[in-house]
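# Remarks on the overall topology
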Amino acid sequence: PQHENGGFSFDIRAFLGKMQSHVNVGTGEDATLTVELPADFGGTLQALTRSGDMDVSDLDVTELTMNSTGGSVEANMDPNRQLDHVTVNSTSGGITYYGNANQLTASGISSDVDIKGNFGSATVKTVSGDIEFRGMVASLRANSVSGDQTVRVGWTEAAEVRLESVSGDVDLMLPEEMKVDLTVHTTSGDADVDRESEPGAASKVWLKTVSGDIDVE
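Structure report, in brief. Every value quoted in this text rests on a predicted model; they were computed, and no experiment measured them.

### Topic: the overall build of the protein
- When helices and strands are counted, the protein shows zero helices and 18 strands.
- Split into buried and exposed, the 217 residues of the protein put 37% on the buried side.
- Once local pairs closer than 6 in sequence are excluded, the contacts in the protein between residues at least 24 apart make up 14%.

Okay, here's the thing in structure tokens:
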């Protein structure tokens, strides 16, 4: 159909089988690409776009990669499925991943990042966007420059959590029954730590800011 401004919109649907497939859409106009995979696909999905938004849900994949320059990236996966590797990136669009993965990498520049699930290792980076993380994790590293970080970690016997920001605030909530070896450092920010460090504990937590505040519950 033709838009009032003289441009055209495209709605393209692709149905991929279990064999390796590629779908490319190159157009300067407004385009919508819908990809449907078999219920038992069990393969790798890579999705890339410049300014378009991406939305993925309930796919049977082992590896997922979503990259966007200016669009938002959102994935809502089956909570009963554990992916091997997940990579979600956007320069300025929002990043959302709800699901589980053995290894997760999420990065943006001005993007807000929202992560929820169970992970073996997770690395989350952004410059000015905020980070929100909720879930169980064996190893978590989160870095921001001016973005705030809000992290809620579920109980696990041994975890390593490292949160660093320059001017952003860091807010960490830990389960009451979780014993942690806690290190907190801020240059000029305020630190409110309502948690006793237990040196030698199986779980290690490092929190560091320059001017950002730190709050631990």
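Structure shown, so let's carry the discussion forward.
### Quick look at the environment of Lys-125
- With respect to the helices and strands, Lys-125 occurs in strand 10 (residues 113-126).
- It is 5.7 Å that separates the C-alpha atoms of Lys-125 and Ala-142, two residues lying 17 residues apart in sequence.
- Dropping the residues within four chain positions of it, Lys-125 is found in contact with Ala-106, Ser-107, Gly-108 and Asn-143.

### What about the pattern of salt bridges?
- With the rule as written, the count across this model stands at five salt bridges.
- In this structure, Asp-60 engages Arg-81 in a salt bridge whose closest nitrogen and oxygen atoms are separated by 3.6 Å. Pair noted here: Asp-60 is in the loop between strand 4 (54-57) and strand 5 (61-68) and Arg-81 is in the loop between strand 6 (73-76) and strand 7 (82-90), with a separation of 21 residues, a long-range link.
- Between Glu-132 and Arg-134 there is a salt bridge whose closest N-O contact spans 3.6 Å.
- Through salt bridges that share partners, Asp-114, Glu-132 and Arg-134 make up one connected network.

### Observations concerning the packing of aromatic side chains
- Following the criterion strictly, the structure yields two aromatic pairs and no others.
- Note on Phe-119 and Phe-133: the rings are 5.8 Å apart at their centroids and 45 degrees apart in plane angle, and the pair reads as tilted. With a gap of 14 residues between them, Phe-119 in strand 10 and Phe-133 in strand 11 (residues 131-144) connect regions that are remote in the sequence.
- Feature note: the residues Tyr-97, Phe-119 and Phe-133 constitute an aromatic cluster, connected by ring pairs.
- Its guanidinium or amino end placed over the ring of Trp-206, Arg-162 lies 4.3 Å from that ring's centre, counting from NZ or CZ.

### A closer look at a negative patch on the surface
- Judged by side-chain charge, Asp-112, Asp-130, Asp-148, Asp-169, Asp-190, Asp-192, Asp-194, Asp-213 and Glu-217 come together as a negatively charged surface patch.
- Structurally, Asp-130 is set in the loop between strand 10 and strand 11.
- On the basis of relative accessibility, which here comes to 35%, the residue Asp-130 falls in the partly exposed class.

### Section: the environment of Thr-96
- Position of Thr-96 among the secondary structure elements: in strand 8 (residues 95-98).
- The class for Thr-96 is buried, based on a relative accessible area of 18%.
- Linking Thr-96 and Ile-115, residues 19 residues apart in sequence, is a C-alpha distance of 5.9 Å.
- Setting aside residues no more than four positions away along its own chain, Thr-96 makes contact with Val-73, Glu-74, Ala-75 and Asp-114.

Criteria and thresholds
Residues numbered from 1 in each chain as written. Predicted model: local features only at pLDDT ≥ 70, side-chain atom pairs only at ≥ 80, totals over all residues. Heavy atoms only, no water. Helix = DSSP H or I, 4+ residues; strand = E, 2+ residues; numbered from the N terminus. Buried < 20%, exposed > 50% of the residue type's maximum accessible area, 1.4 Å probe, protein only. Contact = heavy atoms within 4.5 Å. Salt bridge = Lys/Arg side-chain N within 4 Å of Asp/Glu carboxyl O. Phe/Tyr/Trp six-rings, centres within 6.5 Å; stacked < 30°, edge-to-face > 60°. Lys NZ or Arg CZ within 6 Å of the ring centre and 35° of its normal. Patch = residues over 30% accessible without salt bridge, like charges linked within 9 Å, V, L, I, M, F, W, Y side chains within 5 Å. Areas by Shrake-Rupley, 256 points an atom, 1.4 Å probe, with all protein chains shown as cover. Lys, Arg positive; Asp, Glu negative; His and termini not counted. Charge placed at Lys NZ, Arg CZ, Asp CG, Glu CD.

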